[in-house]
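# A closer look at the structure
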Amino acid sequence: LASTTHDTKRTEDVRARLNVLSEIPSDWRNAVQRFARINKRWRREVDGEPAPSLKDENLFYQSLIGIWPAQPPTAQDRAVLVERLQGYMEKATHEAKQRTSWINPSPAYDEAVREFVAQTLRDSPQNRFIAEVQAFHNRIAPAGQCNALAQLAIKLLSPGVPDIYQRQEL
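The following paragraphs examine the structure supplied in this document. (Residues numbered from 1 in each chain as written. Predicted model: local features only at pLDDT ≥ 70, side-chain atom pairs only at ≥ 80, totals over all residues. Heavy atoms only, no water.)

## So, the packing of helix α1 (residues 12-21) against helix α6 (residues 128-157)
Where α1 meets α6, the closest approach of the two axes is 7 Å, and the angle between their N-to-C directions is 120°. Looking at the two axes, α1 sits oblique to α6. For α1 against α6, the interelement crossing comes out right-handed. Contacts from Glu12, Asp13, Ala16, Arg17, Asn19, Val20 and Leu21 of α1 reach α6 at Phe136, His137, Ile140, Ala143, Gly144, Asn147, Ala148, Gln151 and Lys155. Grouping the amino acids of the contact of α1 with α6 by side-chain chemistry returns seven nonpolar, five polar and four charged. (Axes fitted to C-alpha atoms, helices over the stretch in contact; angles between N-to-C directions. Helix = DSSP H or I, 4+ residues; strand = E, 2+ residues; numbered from the N terminus. Parallel < 35°, antiparallel > 145°, perpendicular 65-115°, else oblique. Left-handed = near helix turned anticlockwise from the far one by under 90°. Contact = heavy atoms within 4.5 Å. Nonpolar A, V, L, I, M, F, W, Y, C, P; charged D, E, K, R; others polar.)

See below:
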């Protein structure tokens with residue numbers, strides 16, 4: 001009984017939290033619109049189009065909500081988050097092959113996405129985005145935890161052999 005594999009792009013807990021978004025689509029849409037308004041100054045234009053693209057920006061917000069820590073991150077934690085998300089976004093945008101790829105990279109687009117991630121998560125008291133993310137996270141985290149625990153209970157209590165993928169036991 002596997003709920004994740006080596007091909008899964010997101011962990012079980014992240015997916016359990018993101019599943020909550022499908023239950024509150026208008027709230028999520030409103031949150032993304034607020035996030036985008038706050039962060040519009042960090043978008044660049046690359047080849048006459050916004051960078052990151054709207055799809056990539058939305059992926060960033062989903063990923064950020066999915067991995068946001070239970071406690072507000074310290075400056076050091078935030079630096080780790082920035083590095084992780086920059087790597088994730090590079091891999092995701094290259095594999096999507098929309099504006100950049102591994103075979104035909106767009107250094108300008110790649111840099112714009114990296115800089116967008118860094119600027120939106122910058123350590124500054126004036127960074128309203130962090131407060132918005134924290135507030136939204138606090139709202140959905142309990143439901144995400146219930147989803148994760150229910151999924152785990154089903155996996156462990158169903159007939160068959162539960163497959164606990166590497167590091168998911170944590």
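## With respect to a nonpolar patch on the surface
On the surface, a nonpolar cluster with roughly 490 Å² of combined accessible area is contributed by Leu149, Leu152, Leu156, Leu157 and Ile164. Inspection of the secondary structure assignment puts Leu157 in helix α6. (Patch = residues over 30% accessible without salt bridge, like charges linked within 9 Å, V, L, I, M, F, W, Y side chains within 5 Å. Areas by Shrake-Rupley, 256 points an atom, 1.4 Å probe, with all protein chains shown as cover. Salt bridge = Lys/Arg side-chain N within 4 Å of Asp/Glu carboxyl O.)

## As for empty space enclosed by the protein
Enumeration according to the criterion identifies one cavity of 30 Å³ or more in this entry. Quantified by volume, the largest cavity comes out at close to 30 Å³. Lining the largest cavity are Gln86, Met89, Glu90, Thr93, Asp110, Val113 and Arg114. Elements that contribute at least two residues to the lining of the largest cavity include exactly α4 (75-96) and α5 (107-120). Counting residues per element, the lining of the largest cavity draws most heavily on α4, at four residues. Considered class by class, the residues forming the lining of the largest cavity number two nonpolar, two polar and three charged. (1 Å grid on protein atoms, 1.4 Å probe; cavity = no way out; pocket = protein on both sides within 12 Å on 5 of 7 lines; lining within 4 Å. Points joined across faces, edges and corners; volume = space filled by probe spheres on them.)

## A closer look at helix α3 (residues 54-67)
Between its terminal C-alpha atoms α3 stretches 20 Å, which fits the 20 Å expected from 14 residues at 1.5 Å a residue. The set of residues buried in α3 consists of Asp56, Glu57, Leu59, Phe60, Tyr61, Ser63, Leu64, Ile65 and Gly66. (Expected span 1.5 Å × (residues − 1). Buried < 20%, exposed > 50% of the residue type's maximum accessible area, 1.4 Å probe, protein only.)

## A short note on the pattern of salt bridges
Side-chain pairing between opposite charges can occur once the charged atoms of the two side chains come close. In the structure shown here, the tally under the stated rule is seven salt bridges. Linking Arg43 and Glu57 is a salt bridge whose minimum nitrogen-to-oxygen distance equals 2.7 Å. A residue pair is termed long-range when its members are at least 10 positions apart, and Arg43 in the loop between α2 (25-39) and β1 (44-46) and Glu57 in helix α3 qualify at 14 residues. On the basis of relative accessibility, which here comes to 23%, the residue Arg43 falls in the partly exposed class. Close ionic contact of Arg114 with Glu111 constitutes a salt bridge, the shortest N to O distance being 3.0 Å. One end of the pair is Arg114 and the other is Glu111, both in helix α5 and three residues apart, which spans about a single turn. For Arg114, a relative accessible area of 29% corresponds to the partly exposed category. What makes Glu111 partly exposed here is its relative accessible area of 31%.

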